[in-house]
Amino acid sequence: MKNLFAFLFFVLLHATLSAQTQVVLPVERPMNNLNLSILGDASLVSMNYELLTRIHKNAFVSTALGVGYQESLEFCFFGPCENLAPKEYLTIPHRVTGNFGFKRSFLEIGVGGTYFVGDINKHYVSYTVLGYRFQPLRPGRPVFKFFLNFPMTSNVGNILFSPIGTSLGISF
């Protein structure tokens, strides 16, 4: 009799259990961006390519590499001033950030650096990144970022380092 009750219990329990449904992730978002950044990343202007790597439905890692333009910042307050024409530099900004959020709005936190090509006394500047990112769910849509850069060293050389930057681009 015990065996019959045990058998009925397991059969009825099995019949009442429903199959576990698989969690469906939202539409697979585009994993590539092409951005034009103004200020920020130790450049006046730069064009960047980003690759996104999804780590959770509400988080992804962004790696970016770009090429940009920067000028020197030189002041002359007293005495005869020599040639004050700014020097121009080619910049190679790069960064790795973690992005956490919901749907299309994300908090961006990470580190980056910029390498300067040209006659400059400091060829590399590293910085932390904190920002907001609007990342679309479908390809061909605009990407927007607003971010702050904080240099990791007190001396950034004679460049115009802007702590505020914006970026506008397209996802694909």
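Read on for a plain summary of the structure. Small disclaimer: the values here were computed from a predicted structure and weren't measured.

What counts as what
Residues numbered from 1 in each chain as written. Predicted model: local features only at pLDDT ≥ 70, side-chain atom pairs only at ≥ 80, totals over all residues. Heavy atoms only, no water. Pairing = 2+ DSSP bridges. Helix = DSSP H or I, 4+ residues; strand = E, 2+ residues; numbered from the N terminus. Axes fitted to C-alpha atoms, helices over the stretch in contact; angles between N-to-C directions. Polar contact = N/O pair within 3.5 Å; in protein donor to acceptor, adjacent residues only side chain to side chain.

**Description of the sheet that holds strand 3 (residues 59–71)**
Strand pairs in the sheet, formed through backbone hydrogen bonds, run parallel or antiparallel to each other. Strand order in the closed barrel made by the eight strands is 1-2-3-4-5-6-7-8, with antiparallel pairing throughout. Pairs of neighbouring strands in the sheet enclose a mean axial angle of 25°, with direction left out of account. Relative to strand 6 (residues 124–134), strand 5 (residues 105–117) runs antiparallel, the two sharing 11 bridges. Opposite Gly113, over in strand 6, you have Ser126 as the bridge partner.

**Things to note about the environment of Lys145**
For Lys145, the location among the structural elements is in strand 7 (residues 142–151). Between the C-alpha atom of Lys145 and that of Ser37, which follows or precedes it by 108 residues, the distance is 8.8 Å. Here the side chain of Lys145 touches Glu50 through a polar contact of 3.0 Å, side chain to side chain.

**Some details on the pairing of strand 7**
If a strand is regular, its side chains alternate between the two faces of the sheet. Direction of pairing for strand 6 relative to strand 7: antiparallel, over a ladder of eight bridges. Of the residues in strand 7, the one forming a bridge with Arg133 is Lys145. Inspection of the sheet shows strand 7 paired to strand 8 (residues 164–171) by seven bridges, in the antiparallel sense. Residue pairing in the sheet places Lys145 in a bridge with Ser167 of strand 8.

Any link to function would need more than the numbers given here.
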